[in-house]
Structures are given as C-alpha cells and as structure tokens.
Amino acid sequence: MTQIKIPPYNWFINKSDNKPVTNVYTGSCDTEAKKGTTHKTTFNYKVYVVDVGTETEKFVAECYSITSLNDGYKKEEIGTKDATCSDDGLIVLNEWLNEEHNKFLENW
C-alpha cells in the first residue's frame, strides 16, 4: 500500500535572486481524524536537499516514529537514506519511505 507521495524535483529546488533555494517536505501517516496523535504512535518523514548547487548535492530522506501524546510524544529514529538530486532519486526515496512505512505498520 502506497501512502507517501513526494512532490516533484522542482518543488524542492527553485531560484530566488538567481540563487538556488530549497524546500523541506515533511509529513506523517497513521493519525486518525477524531483522535489525532493522542493515542497512537505515528510514522513521520522528512525529505530535503543538502549541498545545493555543489558537486555533492543530494536528496536525503529521514523517517522516524513519534509515540502518542499519552506516551510522552517521544521521537525514535527509524532510518535515513540519500539519493541523487534528480527525479529518479526522488522515486528511489519515495519507494524507500513507503517500504519503511509498511514495515512500521507490521510492527505496530
């Protein structure tokens, strides 16, 4: 099951005053509309660009869980993966995040 959909490359990297600028994409899965995060651990993720405008430029995706508000809202790292700064790199990271989310669901 695919829940996470990362935006396209041009959402992350733009130009402002002829300089590259970047956006960070974050999200979470598994919250419930009526209860939010008060009773359930959620899967969270973040995708961003490092070293923009250099030879070492790349996308990085991080995923982590956050316990319910009732359990102290504690963050636990799940994993980090990087990929080329391209549309293909985003496809790799999107697939990886969904795989990690599915593993998370099997354990919760």
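Above this text you will find the structure in question.
Worth saying up front: this structure is predicted, and the values here are computed from it rather than measured. (Residues numbered from 1 in each chain as written. Predicted model: local features only at pLDDT ≥ 70, side-chain atom pairs only at ≥ 80, totals over all residues. Heavy atoms only, no water.)

Q: Please explain the sheet that holds strand E6 (residues 75–84) as it appears in this structure.
A: To summarise the sheet geometry, strands pair through backbone hydrogen bonds and adopt either a parallel or an antiparallel arrangement. Read across the open sheet, the 4 strands follow the order E3-E4-E5-E6; overall the sheet is antiparallel. Two strands in the sheet have a free side with no partner beyond their single neighbour: strand E3 (25–29) and E6. Pairwise comparison of adjacent strand axes, ignoring direction, gives a mean angle of 15° for this sheet. Pairing geometry for E3 and strand E4 (residues 42–50), over 5 bridges, is antiparallel. Among the inter-strand pairings, serine 28 is bridged to a residue of E4, identified as asparagine 44. (Pairing = 2+ DSSP bridges. Helix = DSSP H or I, 4+ residues; strand = E, 2+ residues; numbered from the N terminus. Axes fitted to C-alpha atoms, helices over the stretch in contact; angles between N-to-C directions.)

Q: Just to check I follow, could you spell out the nonpolar core for this structure?
A: The tendency in soluble globular proteins is for nonpolar side chains to be buried as a group. If you look at the biggest cluster of nonpolar residues, it comprises 19 residues, and the most contacted ones within it are Ile6, Phe12, Val47, Phe59 and Leu97. Of all the secondary structure elements, the ones that give two or more residues to this core are E4, strand E5 (58–66) and helix H2 (87–107). (Core = buried A, V, L, I, M, F, W, Y, C linked by side-chain atoms within 4.5 Å. Buried < 20%, exposed > 50% of the residue type's maximum accessible area, 1.4 Å probe, protein only.)

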